[in-house]
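Topology and contacts: notes
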Amino acid sequence: MLKYPSALTSIEQIVNNVKGKRIALFLDYDGTLSPIVDNPDHAFMSNAMRVAVRNVAKCFPTAIISGRSRERVRKFVGLKELYYAGSHGMDIMCPVQSPAADHTTEEICLSSCKDVLPIYVGDDKTDEDAFKFLTEGNRGYGILVTPAPKESSAYYSLRDPSEIS
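Once a new chain begins, its residue numbering starts again from 1 and follows that chain's sequence as written. Where totals are concerned, whole chains, interfaces and linings use all residues; where local detail is concerned, this predicted model gives features only for residues with pLDDT of at least 70, and gives and counts side-chain atom pairs only at 80 or more. Side-chain metrics rest on all non-hydrogen atoms present in the structure, leaving aside hydrogens and water.

A short note on the overall build of the protein
Inclusion rule: Helix numbers and strand numbers start at the N terminus; a helix is a DSSP run of H or I with at least 4 residues, a strand a run of E with at least 2. Here's how the labels work: a residue is buried when its accessible area is under 20% of the maximum for its type, exposed when over 50%, partly exposed in between, all with a 1.4 Å probe on protein chains only. Throughout, a residue-residue contact means that at least one pair of heavy atoms, one from each residue, lies within 4.5 Å.
Of regular secondary structure, the protein possesses four helices and seven strands. Tracing the protein from N to C terminus, the helices and strands come up as α-β-α-β-α-β-β-β-α-β-β. Buried positions account for 44% of the 165 residues belonging to the protein. Put simply, 50% of the contacts in the protein that link residues at least 6 apart link residues at least 24 apart.

This is the structure we're talking about:
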């Protein structure tokens, strides 16, 4: 994956670009937080992944994006402190209660917030619009989760969901 350096080995570069900005983290569900499985009803995230997502949400506004219904992905993840966007972002729910709830929806509005650095982590072609949006305007970072090189507008890569947690 020479075109897409590892997000793990590039963490210093990412941190340097964060200075003076607030991170907003967007995470795809299937194939990113959970493995791809034959039966989508069995695509469960690990407990370690859930803990990692909960911990990052204490520091940054964090949204789970899915093609699934918002309610279905919310039940799979089971964390109240997150934003959830189902139907590829057409159905959005804000956190129920947490320190992250102090972040308003305006904070994750990317086109008008120059002090926000969005990071979008996804694994397939349904995530490419987000990767392209972030890359084209140097607005943030797309991170592609894939075991093999493939064409993408993402800036960085991770080999599999375990590298996220």
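Let's talk about the sheet that holds strand β1 (residues 22-28)
Threshold: We call two strands paired when DSSP finds no fewer than two bridges between them. Every axis corresponds to a line fitted to the C-alpha atoms, with the helix fit spanning only the stretch in contact, and the corresponding angles, defined between N-to-C directions, vary from 0 to 180 degrees.
Strands sit in the order β4-β3-β2-β1-β5-β6-β7 across an open sheet of seven strands; the sheet is mixed. Strand pairing shows two members of the sheet lacking a second neighbour, β4 (91-93) and β7 (156-158), which therefore form its edges. Adjacent strand axes in the sheet meet at a mean angle of 20° when their direction is disregarded. Looking at chain direction, β1 and strand β5 (residues 116-122) are connected through six bridges and run parallel.

A few points about the environment of Phe-44
By the element assignment, Phe-44 lies in the loop between β1 and α2 (47-57). When its relative accessible area of 46% is taken as the criterion, Phe-44 is described as partly exposed. Ignoring sequence-local partners within four residues, the contact set of Phe-44 consists of Tyr-29, Ser-34, Pro-35 and Phe-76.

Description of the packing of aromatic side chains
Counted only if it meets this: By convention, a stacked pair of Phe, Tyr or Trp rings (six-membered ring in the case of Trp) has centres within 6.5 Å and planes under 30 degrees apart, an edge-to-face pair has planes over 60 apart, and any other such pair is tilted. We count a charge as sitting over a ring when the NZ of a lysine or the CZ of an arginine lies within 6 Å of the ring centre and within 35 degrees of the ring normal.
The tally for this structure, following the rule as stated, stands at six aromatic pairs. Judged by centre distance (5.7 Å) and plane angle (85°), the ring pair of Tyr-120 and Phe-131 falls under edge-to-face. Placement of Tyr-120 in strand β5 and of Phe-131 in helix α4 (residues 128-136) is noted, with a sequence separation of 11 residues between them. On the basis of relative accessible area, Phe-131 is assigned to the buried category, the value being 0%. Pairing Tyr-141 with Tyr-156 gives two aromatic rings, centres 5.3 Å apart and planes at 55°, and the pair type is tilted. Of this pair, Tyr-141 sits in strand β6 (residues 141-145) while Tyr-156 sits in strand β7; the two residues are 15 residues apart in sequence, bridging distant segments of the chain. For the pair formed by Tyr-141 and Tyr-156, the shared burial category is buried. Directly above the ring of Phe-133 sits Arg-139, whose terminal nitrogen or CZ lies 4.0 Å from the centroid.

A short note on the pairing of strand β2 (residues 62-65)
Basically, it comes down to this: Classification remark: right-handed applies to a crossover when, strands pointing away from the viewer, the course from the first strand over the helix to the second runs clockwise.
Burial of the side chains of β2 extends over both faces: Thr-62 and Ile-64 are buried on one face and Ala-63 and Ile-65 on the other. Bridging between β1 and β2 involves four bridges; their strand directions are parallel. The residue bridging Asp-28 from the neighbouring strand is Ile-65, located in β2. Examined bridge by bridge, β2 and strand β3 (residues 83-86) share three bridges and lie parallel to one another. By the bridge assignment for β3, Ile-64 is matched with Tyr-84. In terms of handedness, the path from β2 via helix α3 (residues 70-77) over to β3 forms a crossover that is right-handed.

A word on the pattern of salt bridges
Worth spelling out the cut-off: A carboxyl oxygen of Asp or Glu within 4 Å of a side-chain nitrogen of Lys or Arg is what we treat as a salt bridge.
Scanning all chains against the criterion turns up nine salt bridges. Between Arg-72 and Asp-41 there is a salt bridge; the shortest N-O distance is 3.1 Å. With Arg-72 in helix α3 and Asp-41 in the loop between β1 and α2, this residue pair connects regions lying 31 residues apart in the sequence. Here Arg-74 makes a salt bridge to Glu-71, at a shortest N to O gap of 2.4 Å. Remark: Glu-71 and Arg-74 occur in helix α3; sequence separation between them is three residues, near one turn of the helix. Because the salt bridges share partners, they merge into one network encompassing Arg-70, Glu-71, Arg-74 and Asp-91.

Geometry only, nothing functional implied.
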